[in-house]
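If you want the building blocks of each chain, they are given just below.
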Amino acid sequence: MTAIAAAKELFIQIVGRDPEGIWSSAGRANLIGEHTDYNDGFVLPFAIAQRTDAALALRDDRRVRVASTFTDGVVEVSLDELDDLFPAHHDRVPEWATYPLGVAWAILQTTNTPVGAVSGFDLAIASEVPVGSGLSSSAAIEGAVSGALNDVWELGLTPVELAKVGRKAENEAVGAPTGIMDQMASMLGQPDAAIFLDCRSLETQVINLGLESAGLELLVINTKVQHSHSTGGYRERRESCEKGAAIMGVPALRDLSIDHLPRAEKLMDDVTFRRVRHIVTENQRVLDTVAKLAASGPLAIGELLLASHASMRDDFEISIAELDTAVEASVAAGAVGARMTGGGFGGSAIALIHAEDTVSVAEAVEKAFYDAGFTAPQVFPVYPSQGARRDS
Ligand code: GAF
């Protein structure tokens with residue numbers, strides 16, 4: 001069943017009538033540019049075909065009721081409780097519900113809308129994006145719910161403003177200190193294209209990938225090792241980047257180029273320097289990828305994908321054995337390039353492959369995982385797709 005049909009069915013089950021509308025947004029994969037977003041840098045993600053749908057109708061009272069196909073039961077709060085729940089008491093609702101409820105809170109805050117000016121709502125969410133897979137199931141929920149509330153509450157926000165609402169929900173309501181890449185990709189994704197995003201200005205450019213005409217395809221290899229950005233490594237990496245920028249006296253690592261690295265190496269401890277070197281070289285790799293795609297097409301970007309993975313493995317230290325195996329096995333089986341995608345510490349890798357090799361690369365990766373004693377991965381092609389939209 002598609003997410004749209006599942007969301008509608010769940011809505012009818014919990015509310016007993018049809019929703020007012022159904023809105024959706026997409027998961028994302030990142031072609032290149034990892035952990036550069038919160039350093040004001042460059043990223044090149046794309047929305048994937050797997051979507052999350054939100055079926056919603058306004059109520060004529062103050063209640064908010066949310067349910068999803070991936071959890072049991074209905075979470076019910078009053079609209080008037082939102083300001084109390086977020087950010088301080090988000091642990092009073094189940095973690096999954098902090099995403100939709102956090103979006104409701106963030107969109108009211110962003111638009112300076114008094115909570116008393118809007119009505120409550122019923123909401124049912126269904127998702128095709130595997131949770132914890134590094135494909136941003138969270139941004140897909142945020143995009144679907146913010147699109148829905150923007151319409152029914154008639155707030156008039158643009159897609160970029162809705163992406164900012166999603167990030168605010170994620171940072172302040174959920175408590176994950178992420179950047180804005182995932183929300184921008186989920187909102188703005190276009191078929192057959194990646195979104196080149198300058199995370200400082202939030203200017204975007206649609207970059208046609210030309211995969212089909214080059215006979216290429218992108219595979220996702222979901223290691224099934226779940227990760228969370230609310231705790232641990234992600235936050236630590238962000239702190240190291242802030243420390244590196246402070247030592248170099250710049251607002252963000254975006255302001256450093258490769259020429260600054262020798263000086264950085266003299267001023268910093270080894271770990272901070274390697275974190276900085278990843279960000280500085282990764283920003284350059286994003287720019288080089290965009291240039292290579294324009295000049296020579298996607299077959300020319302394999303080395304850049306591999307260099308990105310090596311930098312995340314060795315300098316930023318966010319890869320894990322499963323992700324390294326996914327990259328190595330897919331390249332050994334003929335992939336043009338491969339790299340882990342997303343925040344790291346689990347989740348997925350992507351491989352750029354010749355379209356006729358889909359089955360052989362998938363089998364080679366599955367065998368490598370089996371031989372290493374890892375949980376069987378989920379391997380599937382992904383197609384750059386449209387981002388947020390109203391489905392019905
Ligand atoms: C996660 C975050 F949500 C993004 O903002 C980004 O930092 C990414 O990790 C790493 O590039 O997906």
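An unreviewed UniProt entry annotates the protein as Galactokinase of Microbacterium endophyticum. Entered under Sequence similarities (unreviewed entry) in the UniProt record, the comment concerning the protein runs "Belongs to the GHMP kinase family. GalK subfamily."

Asks: Outline the site of the ligand, listing residues and values.
Replies: Taken together, 13 residues are adjacent to the ligand, and Glu 34, Thr 178, Gly 179, Gly 342 and Gly 343 come closest. Of the residues assigned to the shell around the ligand, the class counts are 2 nonpolar, 8 polar and 3 charged. No fewer than three residues from each of domain 1 (3–209) and domain 2 (212–382) sit in the shell around the ligand.

Asks: Can you break down the confidence of the model for the protein residue by residue, with the values?
Replies: With 99% of its residues at a pLDDT of at least 70, the protein reaches an overall mean of 97. Model confidence for the complex is summarised by a pTM of 0.98, with the ipTM given as 0.99.

Asks: Residues and numbers for the UniProt feature "domain: Galactokinase N-terminal" (unreviewed entry) in the protein, please.
Replies: The UniProt record marks residues 9–57 with the feature "domain: Galactokinase N-terminal" (unreviewed entry), using the residue numbering of this structure. This span, residues 9–57, is 14% helix and 51% strand, and a straight line between its end C-alpha atoms measures 14 Å.

Asks: Any details on the UniProt feature "domain: GHMP kinase C-terminal" (unreviewed entry) in the protein? Residues and values, ideally.
Replies: Residues given the UniProt feature "domain: GHMP kinase C-terminal" (unreviewed entry) here are residues 297–370. For residues 297–370, the helix share is 51%, the strand share is 16%, and the end-to-end C-alpha distance is 34 Å.

Asks: How would you summarise the packing of helix H4 (residues 137–152) against helix H5 (residues 159–174) if you had to cite specific residues and measurements?
Replies: Axis separation between H4 and H5 bottoms out at 9 Å; the angle between their running directions is 125°. Judged by the angle between their axes, H4 and H5 are oblique. As H4 packs across H5, the resulting crossing turns out to be right-handed. For the pair H4 and H5, contact is made by Ser 138, Ala 139, Glu 142, Gly 143, Ser 146, Gly 147 and Asn 150 and by Leu 162, Val 165, Gly 166, Ala 169 and Glu 170, respectively.

Asks: Explain the sheet that holds strand E1 (residues 21–30) to me, using residue names and the numbers behind them.
Replies: With mixed pairing, 6 strands are arranged side by side in an open sheet as E5-E4-E6-E3-E1-E13. Each edge of the sheet is formed by a strand with only one pairing partner; in this case those strands are strand E5 (75–78) and strand E13 (389–390). Against the sheet, helix H1 (residues 3–15) makes contact with E1, strand E3 (45–58), strand E4 (63–68) and strand E6 (121–127), and its axis sits at roughly 145° relative to E6, the strand it touches most. Against the sheet, H4 engages E1, E3, E6 and E13, with an angle of about 150° to E1.

Asks: Quick rundown of the domain arrangement of the protein? Include the residues and the values.
Replies: Split into domains, the protein comes out as domain 1 (3–209) and domain 2 (212–382). Computed over C-alpha atoms only, the centres of domain 1 and domain 2 are separated by 26 Å. If you look at the interface, domain 1 gives 31 residues, while domain 2 gives 37 residues. Contributions of two or more residues to the side of domain 1 that touches domain 2 are made by E1, strand E2 (42–43) and E3. Class assignment for the residues of the side of domain 1 that touches domain 2 results in 17 nonpolar, 11 polar and 3 charged.

Asks: Just give me the short version of the packing of helix H3 (residues 98–110) against H4, but keep the residues and values in it.
Replies: Interhelical geometry of H3 versus H4 gives an angle of 45° and a closest axis separation of 9 Å. With respect to their mutual orientation, H3 and H4 come out oblique. Here the hand of the crossing between H3 and H4 comes out right-handed. Touching Tyr 99, Pro 100, Val 103, Ala 104 and Ile 107 of H3 are Ser 138, Ile 141, Glu 142, Val 145, Ser 146, Leu 149 and Asn 150, all from H4. Here the residues of the contact of H3 with H4 are counted per class, giving 8 nonpolar, 3 polar and 1 charged.

Asks: Tell me about the environment of His 278, and please be specific about residues and values.
Replies: Mapped onto the elements of the fold, His 278 is located in helix H9 (residues 270–296). Residue classification places His 278 among the buried positions, given that 28 C-beta atoms sit within 10 Å. In this structure the C-alpha to C-alpha distance between His 278 and Ser 308, which are 30 residues apart in sequence, comes to 8.3 Å. Setting aside residues no more than four positions away along its own chain, His 278 makes contact with Ser 311, Met 312, Asp 315 and Phe 316.

Asks: Describe H5, naming the residues involved and giving the relevant values.
Replies: In a regular helix each residue adds 1.5 Å, so 16 residues correspond to 22 Å; H5 covers 21 Å between its end C-alpha atoms and thus fits that length. In terms of residue burial, H5 counts as a mostly covered element, since 12 of its 16 residues are buried. Every buried residue belonging to H5 is among Pro 159, Leu 162, Ala 163, Lys 164, Val 165, Gly 166, Arg 167, Lys 168, Ala 169, Glu 170, Ala 173 and Val 174, and all of these are buried. On the buried face of H5, the contacting elements are H3, H4 and helix H6 (181–188). Trailing H5 by a residue or two, Gly 175 shows a phi angle of about 95°, which is positive.

Quick notes on the rules
Residues numbered from 1 in each chain as written. Predicted model: local features only at pLDDT ≥ 70, side-chain atom pairs only at ≥ 80, totals over all residues. UniProt positions renumbered as here; feature names shortened; annotations may be inferred. Near = placed C-beta within 6 Å. Nonpolar A, V, L, I, M, F, W, Y, C, P; charged D, E, K, R; others polar. Domains from an automatic or database assignment. pLDDT = per-residue confidence, 0-100. Helix = DSSP H or I, 4+ residues; strand = E, 2+ residues; numbered from the N terminus. Axes fitted to C-alpha atoms, helices over the stretch in contact; angles between N-to-C directions. Parallel < 35°, antiparallel > 145°, perpendicular 65-115°, else oblique. Left-handed = near helix turned anticlockwise from the far one by under 90°. Contact = placed C-beta atoms within 7 Å. Pairing = 2+ DSSP bridges. Buried ≥ 20, exposed ≤ 12 C-beta atoms within 10 Å, placed from the backbone. Expected span 1.5 Å × (residues − 1).

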